Amino acid sequence: MKTIFITGASTGLGKATAKLFQQNGWKVIATMRNPEKETELTQLPNVTVLGLDVTDVEQINRVVTQAIKQGVDLVFNNAGYGLVGPMEAISDEQLVKQINTNLLGVLRVSQAFIPYFRERKEGMFITTTSMGGLFTFPLGSVYHATKFALEGWSESLSYEMALFNVAVKTVAPGGIATDFAGRSIDKPAHPLYDEVDRKLWALFDFDSFSSAEQIAAVVYEAATDGKNQVRYVAGNDANTLYARYLEIGNEAFRREIGQNLLGI
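Quick notes on the rules
- Residues numbered from 1 in each chain as written.
- Predicted model: local features only at pLDDT ≥ 70, side-chain atom pairs only at ≥ 80, totals over all residues.
- Heavy atoms only, no water.
- Helix = DSSP H or I, 4+ residues; strand = E, 2+ residues; numbered from the N terminus.
- Rg over C-alpha atoms; globule rule 2.2 N^0.38 Å.
- Buried < 20%, exposed > 50% of the residue type's maximum accessible area, 1.4 Å probe, protein only.
- Contact = heavy atoms within 4.5 Å.
- Lys, Arg positive; Asp, Glu negative; His and termini not counted.
- Charge placed at Lys NZ, Arg CZ, Asp CG, Glu CD.
- Core = buried A, V, L, I, M, F, W, Y, C linked by side-chain atoms within 4.5 Å.
- Axes fitted to C-alpha atoms, helices over the stretch in contact; angles between N-to-C directions.
- Parallel < 35°, antiparallel > 145°, perpendicular 65-115°, else oblique.
- Nonpolar A, V, L, I, M, F, W, Y, C, P; charged D, E, K, R; others polar.

Caption draft 1: Fine view of the overall build of the chain. On a plain count of helices and strands, the chain comes out with eight helices and nine strands. Taken over the C-alpha trace, the chain has a radius of gyration of 18 Å; the compact-globule value for 264 residues is 18 Å, and the two agree within 12%. Counting only C-alpha atoms, the chain reaches 55 × 40 × 30 Å along its principal axes. In the chain, buried positions account for 48% of the 264 residues. When contacts within the chain are restricted to residue pairs at least 6 apart in sequence, those whose partners lie at least 24 apart make up 70%. The positive charge centre, built from 24 side chains, and the negative charge centre, built from 29, are 5 Å apart in the chain.

Caption draft 2: Fine view of the nonpolar core. Core analysis: the biggest nonpolar cluster contains 29 residues, and Ile4, Phe21, Val28, Leu41, Leu74, Ile126 and Val171 have the highest contact counts within it. Once residues within four sequence positions are removed from consideration, Phe21 is found in contact with Ile4, Trp26, Val28, Leu74, Val219, Tyr220 and Ala223. Within the second largest apolar cluster, 26 residues are counted, among which are Val64, Ala67, Val75 and Phe117.

Caption draft 3: Spatial organisation of the environment of Thr48. With respect to the helices and strands, the residue Thr48 is situated in strand S3 (residues 47-51). Placed 19 residues apart in sequence, Thr48 and Ala67 show a C-alpha to C-alpha distance of 9.6 Å. Those residues within four positions of Thr48 in sequence are excluded, and the remaining contacts are Val28, Ile29, Ala30 and Gln70.

Caption draft 4: Structural view of the packing of helix H7 (residues 236-248) against helix H8 (residues 250-262). Taken N-terminus to C-terminus, the directions of H7 and H8 make an angle of 125°; their axes are 6 Å apart at the nearest point. The angle between the axes of H7 and H8 places the two elements in the oblique class. Contacts from Leu241, Arg244, Tyr245 and Ile248 in H7 reach Asn250, Ala252, Phe253 and Glu256 in H8. Its residues assigned to classes, the contact of H7 with H8 shows five nonpolar, one polar and two charged.

Structure (structure tokens):
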């Protein structure tokens, strides 16, 4: 029986992935910041719930050591949140928190597992990025910075991990019908950008977003298809926009977004 280690498993995609893998015969180590609040995953057989704040380096090392003792075949880096607002409105505290959670948390968790996978000569890392790691929208500069970084990091890491038969993959979702736009988003504001903010959110059709279960199915596909492939774009909106991006090129796509949202 294989084992998946998941960060950010308390809600949304992380929880849906935990349930899907458990249903398909995997053992699941589901981590989250407040495990004492979890009531659903704790009732499932072959699921272990552990506390983990991916911004806490000491806790990462302690929990990874504990997980390795149980055996881990796949690490799913999923913890993260959105910081959406104009750059000049973002405080240094918000800046550091976004980078620590979305980027450094992934790097540190993965780094802690690498020696274990290398010695086994087997394993896999899958990281939740975003369509926002492939192209951009206004007011997301710091969020995009973390997601672009994860895409580049994953691609580069895939070369060195291939030396030890360890796969590195990303799943880049579009909109997910979870609480991302509520609990999982931080929105610093500035009055000069209010109209841009209004137009940005009007662009998204929340009713057409993928379910967390649909994106979890792509995670499962990436984990089990045996393909030498890094990127998996997930969701109709992400695939449609990314196809347009590839069709017309990055500069034309940037101008198109600017025209549609800002009239520039």
